[in-house]
Amino acid sequence: MTEPLIYRSTPPSLLPMFGRALLPKSHKPGANTEIPELLAELLGVATDTPMLSRYLNVCGFKPGSSLPMTWPHILAFPLHLKLLTDKRFPLPLLGLVHLRNTITQHRPIQTGENLDIRVTLGNQQSTERGIEFDLITEARSAGRLIWEEVSTNLFRMATAESGKPKAQPPKLETYPFSESITAPENLGRRYGQVSGDRNPIHMHALSAKAFGFPRAIAHGMWSKARALSLLEQQADWQSGPVRVSCQFKKPLFLPGTAQLNWQTASDAWDYQLLNSKGDAPHLSGRIEWL
């Protein structure tokens, strides 16, 4: 583990890191590329920031005494960006694909509570699509781990297995409950303002086209948060320790509509966000009470 980067109360500024994200890497990533075990910490960060109310609004959460389960991801974003733009990180930031996200909340986080946040890089794997790695985030209160997250990212790269036929996607499940979700054209800019994530593929149709998308696409973590904001409002939602995982599938283009479908059981729910026709997934996931 390298020497940690430590920040107290105030996260690193995003603007210089946006500039570094545009710079090319000195070496082209290859089969022997190794991601170092970088570490960053933000100590004593306030959870009740000026952006919180705007985040609740853009994601559809109801104000309350406890915070949305996805809010610490936003607080940790400057640390994520700090590690991904570090000169020792060997992969270009633009073009990384967010594959999966799992959040485990050991207890609700109270509005106004201060947290110590720690982010590391790890679990590098070579797959048929390229290099996968995890951003591992932990949040502690008074020294106790109360929230953790694993976000898996992909750097696409040709490998010996790249030419193999792709497996057919599994047949879509049919779930009994459904809600409609609307994603307006300005959603990427609104979410980018509160999250700090101003990736060009989310901001405008013109900037998204530069990266091969016909229109701007919704942030994956907005889609997960929006789904959670609706699921938490269901009468049989449970309190207590919980783990929420999801896999990101096809992009949700802006403006657009989607269907949130789910099924319930005593100890776990399955959910999926489908396109407006209901025949292709934007994400699929599971909620498990621990």
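The structure presented is a predicted model; accordingly, all values stated were derived computationally and were not measured.

> Can you break down the overall build of the protein residue by residue, with the values?
Along its length, the protein carries seven helices and eleven strands. A compact globule built from 290 residues would reach a C-alpha radius of gyration of about 19 Å, and the protein, at 19 Å, matches this within 12%. With respect to the principal axes defined by its C-alpha atoms, the protein has extents near 55 × 50 × 35 Å. Residues counted as buried form 47% of the 290 residues belonging to the protein.

> Can you break down the UniProt feature "domain: MaoC-like" (unreviewed entry) in the protein residue by residue, with the values?
According to UniProt, the feature "domain: MaoC-like" (unreviewed entry) maps to residues 174-262 in the numbering used here. Taken as a whole, residues 174-262 contains 34% helix and 24% strand, while its terminal C-alpha atoms sit 8 Å from one another.

> So what about the state of the cysteines? Which residues, and what values?
All chains considered together, the criterion is met by zero disulfides. Take Cys59: it sits in no disulfide, and the sulfur closest to it among the cysteines is that of Cys246, at 13 Å. Looking at Cys246, the relative accessible area reads 3%, which means it is buried.

> Hey, could you go over the nonpolar core for me, with residue numbers and the actual values?
Ranked by size, the top nonpolar core spans 74 residues in total, and within it Ile117, Trp222 and Tyr271 carry the most contacts. Once residues lying within four places of it in the same chain are set aside, the contact partners of Trp222 are Val58, Cys59, Ile181, Thr182, Ala183, Leu187, Tyr191 and Leu252.

> If you had to explain the pattern of salt bridges to someone new, which residues and values would you point to?
On inspection of all chains with the given rule, the structure shows eight salt bridges. In this structure, Asp86 and Arg88 form a salt bridge, with 2.9 Å as the shortest nitrogen-oxygen distance. Of the charged contacts in the structure, one is a salt bridge between Arg286 and Asp270, with a shortest N-O distance of 2.7 Å. With Arg286 in strand 11 (residues 281-289) and Asp270 in strand 10 (residues 268-275), this pair connects stretches of sequence that are 16 residues apart. By relative accessible area, which is 33% here, Arg286 ends up partly exposed.

> Break down the sheet that holds strand 3 (residues 97-105) for me, citing the residues and quoting the values.
Spatial strand order, 1-2-4-5-6-3-8-11-10-9-7: eleven strands in an open sheet with mixed pairing. The strands lining the two open edges of the sheet, one partner per strand, are strand 1 (5-8) and strand 7 (177-183). The sheet shows a mean angle of 15 degrees between the axes of neighbouring strands, direction not considered. In this structure, strand 7 lies alongside strand 9 (residues 256-264), joined through seven bridges in antiparallel fashion. Along strand 9, the bridge assignment pairs Glu179 with Leu260.

Thresholds, definitions, all that
Residues numbered from 1 in each chain as written. Predicted model: local features only at pLDDT ≥ 70, side-chain atom pairs only at ≥ 80, totals over all residues. Heavy atoms only, no water. Helix = DSSP H or I, 4+ residues; strand = E, 2+ residues; numbered from the N terminus. Rg over C-alpha atoms; globule rule 2.2 N^0.38 Å. Buried < 20%, exposed > 50% of the residue type's maximum accessible area, 1.4 Å probe, protein only. UniProt positions renumbered as here; feature names shortened; annotations may be inferred. Disulfide = S-S within 2.5 Å. Core = buried A, V, L, I, M, F, W, Y, C linked by side-chain atoms within 4.5 Å. Contact = heavy atoms within 4.5 Å. Salt bridge = Lys/Arg side-chain N within 4 Å of Asp/Glu carboxyl O. Pairing = 2+ DSSP bridges. Axes fitted to C-alpha atoms, helices over the stretch in contact; angles between N-to-C directions.

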